[in-house]
Amino acid sequence: METMETQVKNAIEKIRPYIQRDGGDVEFVSLEDGIVTVKMLGACSECLSLDATLKDGIEAILLDEVPGVTEVRMAPSEPLFF
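Because the structure is predicted, anything quoted here is derived from the model rather than measured. (Residues numbered from 1 in each chain as written. Predicted model: local features only at pLDDT ≥ 70, side-chain atom pairs only at ≥ 80, totals over all residues. Heavy atoms only, no water.)

### Concerning the overall build of the protein
Per the secondary structure count, the protein includes two helices and three strands. Helices (α) and strands (β) of the protein occur, in sequence order from the N terminus, as α-β-β-α-β. Over its C-alpha atoms the protein spans a radius of gyration of 13 Å, differing by no more than 12% from the 12 Å that the globule rule assigns to 82 residues. Along the longest, intermediate and shortest principal axes, the C-alpha atoms of the protein span 45 × 25 × 20 Å. Counting only residues that meet the buried cut, the protein has 30% of its 82 residues in that class. Pairs at least 24 apart in sequence give 48% of the contacts found in the protein among residues at least 6 apart. With the model as given, the accessible surface of the protein reaches about 5,600 Å², and the carbon-plus-sulfur share is 53%. (Helix = DSSP H or I, 4+ residues; strand = E, 2+ residues; numbered from the N terminus. Rg over C-alpha atoms; globule rule 2.2 N^0.38 Å. Buried < 20%, exposed > 50% of the residue type's maximum accessible area, 1.4 Å probe, protein only. Contact = heavy atoms within 4.5 Å. Areas by Shrake-Rupley, 256 points an atom, 1.4 Å probe, with all protein chains shown as cover.)

### Notes on the nonpolar core
Core analysis: the largest hydrophobic core is formed by 18 residues, its most contacted members being Val8, Val36, Val38, Ile58 and Leu62. Every element with two or more residues in this core is listed here: α1 (4-20), β1 (24-32), β2 (35-42) and α2 (50-65). Excluding its chain neighbours within four sequence positions, the residues that come into contact with Val36 are Val8, Phe28, Ser30, Leu31, Leu62, Val69, Glu71, Val72 and Arg73. (Core = buried A, V, L, I, M, F, W, Y, C linked by side-chain atoms within 4.5 Å.)

### Topic: the environment of Val8
Inspection of the secondary structure assignment puts Val8 in helix α1. Residues Val8 and Gly57, spaced 49 residues apart in sequence, show a C-alpha to C-alpha distance of 14 Å. Beyond its immediate sequence surroundings of up to four residues, Val8 is in contact with Phe28, Leu31, Val36, Leu62, Val66 and Val69.

### Digging into the sheet that holds β1
Spatially, the three strands line up as an open sheet ordered β1-β2-β3, and their pairing is mixed. Whereas interior strands pair on both sides, the edge strands pair on one side only; in this sheet they are β1 and β3 (71-74). Taking each pair of neighbouring strands and ignoring which way they run, the sheet shows an average axis angle of 30 degrees. Each of β1 and β2 is contacted by α1, which is oriented at about 165 degrees to β1, the strand it contacts most. (Pairing = 2+ DSSP bridges. Axes fitted to C-alpha atoms, helices over the stretch in contact; angles between N-to-C directions.)

### A short note on the side chain of Asp25
Along the chain, Asp25 falls in strand β1. Here Asp25 falls in the buried class, since its relative accessible area comes to 15%. A polar side-chain atom of Asp25 sits 2.6 Å from a polar atom in the side chain of Arg16. With residues up to four places along the chain from it excluded, the contact list for Asp25 reads Arg16, Ile19, Gln20, Lys39, Met40, Leu41 and Cys44. (Polar contact = N/O pair within 3.5 Å; in protein donor to acceptor, adjacent residues only side chain to side chain.)

As structure tokens, then:
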């Protein structure tokens, strides 16, 4: 039987090709108490539709496919040092 984390990672792998088509990507960061944290990469990190992609796309799919997932959040941005 797959762990919840494995189920989340597998679902994200199904989603990734669609996000990559638009020049972006999504990466699993963590799973804690039903909350999945992901990192948005490439074009997604600056996209105006980021909230819709995160909530209406990724979160909706994970809520549907993985029992126990309650929310999807974006990992905090890393500060840029010059």
